[in-house]
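Geometric and topological summary
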Amino acid sequence: MTMTIRALLGATALCATAGIAAAQDNVTLTIATVNNGDMIRMQGLTSEFTAANPGITVEWVTLEENILRERVTTDIATQGGQYDILTIGTYEVPIWAKQGWLVPLEFDADYAVDDLVPAVRDALSVDGKLYAAPFYAESAMVMYRTDLAEAAGVTIPESPTWTDIMNAAKAMTDKSKEQYGICLRGKPGWGENMAFLTAMANSYGARWFDTDWKPQFDSAEWKATLTDYLTLMNEYGPPGASSNGFNENLSLFQQGKCGIWIDATVAASFVTDPANSTVADKVGFAQFPNKEGVDNHGNWLWAWNLAVPTSSDAQDAAKTFIAWATGKGYTELVASKEGWRAAPPGTRTSLYENAEYQKEAPFAAMTLTAINAANTQKASVQDIPYTGGQFVAIPEFQGIGTAVGQQFSAALAGQMSADDALAGAQGNTLREMTRAGYVK
């Protein structure tokens, strides 16, 4: 889900919420961002920023997420200077900051940096310095049809196990009515099916690598993860699931075709939106499942963030826009236009203390519980040499994760067995990690 955005920002005066000492005049900023609902909403509200800053013009260009990542990564690695503001994820921020590719962000007191949710702020900081500002943040949780669960005579507890999910998915499935017990990501990609499957593997006690950086796809935990995933999807999932990512499953759930959907918490505002969801008043929420005996709920933590590359020649103006787009004032602006339920979630503690938001957003408490439960410093119950939640925070992971995702998606499509997919993942990952110098 992605878009690249050009924004021409000529800042002639400080925005009240800018938090920057000064802004550059007559500046053209190129902003790359993602095309999900929250970012599209930001584009629609940009006129509010330009009205407060008379010299500013904004132009938007949209790209698919994987293309955005490729272009932004190429630009920043070559110091091309094509973009002045980047929309990047929690994966890129610490890696690029350590490379010296991002400008540290400092805001004045009005911005209220201390109001940022601690888990999110920590994930975007290196050596105590903030290198990106979160536009919205997410963990992952269970979203399910309360009416279908009741009709099937099943209960999904607030903290379910994978056995609970398997039983509920089976009970809710009626393929003759195009009613599928569960919808999960199947589209290959390190940020697509492997985001979900890495979190699921964490909750099964698995790990990507041991402390010597040797891949662990030949472990019992990974075999159990992939076997149960394939059972869920083949027995109780929709047809063509190997092509389904976040957007496709969102559409299926909104159309009433999914009993259970386990995915990013940010989806909650869309599945409960009566303007777009046919089941808006029939959705319940629960924590990301865990395997019995494993104290781990996936450790999924992601944020889409705005950052300034060091190659930008308009850094002050870029920081001004970022302070506006990620500040408290923007949250209040969204609420005034579309209601508190539409406010960008997961970034500010004050949002979850707001009684109006709590009233309008039935998913608020579970979202905050999921985010606070995520431990990106130790994603697995086993010893690991890496950080990251639903990803491994090393530069090579984009390529390795996508390659493994292709193996697992092929298994879901019936093109190979689970054992063959795991063997392929083990061999390919070992080869790449050895080539990169991790495995001696």
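About the cut-offs
- Residues numbered from 1 in each chain as written.
- Predicted model: local features only at pLDDT ≥ 70, side-chain atom pairs only at ≥ 80, totals over all residues.
- Heavy atoms only, no water.
- UniProt positions renumbered as here; feature names shortened; annotations may be inferred.
- Helix = DSSP H or I, 4+ residues; strand = E, 2+ residues; numbered from the N terminus.
- Rg over C-alpha atoms; globule rule 2.2 N^0.38 Å.
- Buried < 20%, exposed > 50% of the residue type's maximum accessible area, 1.4 Å probe, protein only.
- Contact = heavy atoms within 4.5 Å.
- Phe/Tyr/Trp six-rings, centres within 6.5 Å; stacked < 30°, edge-to-face > 60°.
- Lys NZ or Arg CZ within 6 Å of the ring centre and 35° of its normal.
- Pairing = 2+ DSSP bridges.
- Axes fitted to C-alpha atoms, helices over the stretch in contact; angles between N-to-C directions.
- Disulfide = S-S within 2.5 Å.
- Expected span 1.5 Å × (residues − 1).
- Polar contact = N/O pair within 3.5 Å; in protein donor to acceptor, adjacent residues only side chain to side chain.

Per an unreviewed UniProt entry, the protein chain is named ABC transporter substrate-binding protein, and its organism is Paracoccus fontiphilus. UniProt lists a comment for the protein chain under the heading Sequence similarities (unreviewed entry), and it reads "Belongs to the bacterial solute-binding protein 1 family." According to the UniProt record, the Subcellular location (unreviewed entry) comment for the protein chain reads "Periplasm".

Take the overall build of the protein chain next. When its secondary structure is counted, the protein chain shows 18 helices and eleven strands. Compactness check: the protein chain gives a C-alpha radius of gyration of 21 Å against a globular reference of 22 Å for 440 residues, within 12% of the reference. Referenced to the eigenvectors of the C-alpha coordinate spread, the extents of the protein chain come out at roughly 60 × 55 × 35 Å. Across the 440 residues in the protein chain, those meeting the buried criterion constitute 60%. For the protein chain, restricting intrachain contacts to residue pairs at least 6 apart in sequence, the fraction spanning at least 24 positions comes to 75%.

Now for the packing of aromatic side chains. Following the criterion strictly, the structure yields 34 aromatic pairs and no others. Over the aromatic face of Tyr111 sits the side chain of Arg348, whose NZ or CZ is 4.8 Å from the ring centroid.

Once that is clear, we can look at the environment of Gln255. Structurally, the position occupied by Gln255 is in the loop between helix 10 (246-254) and strand 9 (258-264). For Gln255, a relative accessible area of 43% translates into the label partly exposed.

For the rest of this paragraph, the subject is the sheet that holds strand 8 (residues 180-183). Taken in spatial order, the four strands make up an open sheet running 8-9-7-10, and their pairing is mixed. Strands at the two margins of the open sheet, each flanked by one partner only, are strand 8 and strand 10 (283-287). This sheet shows a mean twist of 20 degrees between the axes of neighbouring strands, independent of strand direction. Sheet analysis places strand 7 (residues 140-145) next to strand 10, joined by five bridges and oriented antiparallel.

This next bit is on the state of the cysteines. This model, assessed by the stated rule, comprises one disulfide. Between the sulfur atoms of Cys183 and its disulfide mate Cys258 the distance is 2.0 Å. The disulfide joining Cys183 to Cys258 has a torsion of about -80 degrees about its S-S bond and is therefore left-handed. Linking Cys183 in strand 8 with Cys258 in strand 9, this pair joins segments that are 75 residues apart in sequence. The same class applies to Cys183 as to Cys258, namely buried.

For helix 18 (residues 418-435), built from 18 residues, the straight-helix expectation of 26 Å at 1.5 Å per residue is met to within 8% by its first-to-last C-alpha distance of 26 Å. Taken as a whole, helix 18 has its buried residues at Ala418, Ala421, Leu422, Gly424, Ala425, Gln426, Thr429 and Met433. Residues of helix 18 that are buried sit in contact with helix 9 (220-236) and helix 17 (397-412). Of the residues trailing helix 18, Gly437 is marked for its positive phi of about 95 degrees.

Now for helix 13 (residues 328-338). Three or more residues of helix 13 are buried, namely Tyr330, Thr331, Leu333, Val334 and Ala335. Here the buried face of helix 13 lies against helix 1 (37-44), helix 2 (46-52), strand 6 (133-138), helix 12 (315-326) and helix 14 (349-352).

Moving on, we get to the side chain of Ser312. In this fold, Ser312 is placed in the loop between strand 11 (302-307) and helix 12. The exposure class assigned to Ser312 is buried, which follows from its relative accessible area of 6%. A polar atom in the side chain of Ser312 sits 2.7 Å from the side chain of Asp84. A polar contact is formed between the side chain of Ser312 and the backbone nitrogen of Ala314, at a distance of 3.0 Å. Apart from residues lying up to four places away in sequence, Ser312 is in contact with Tyr83 and Asp84.

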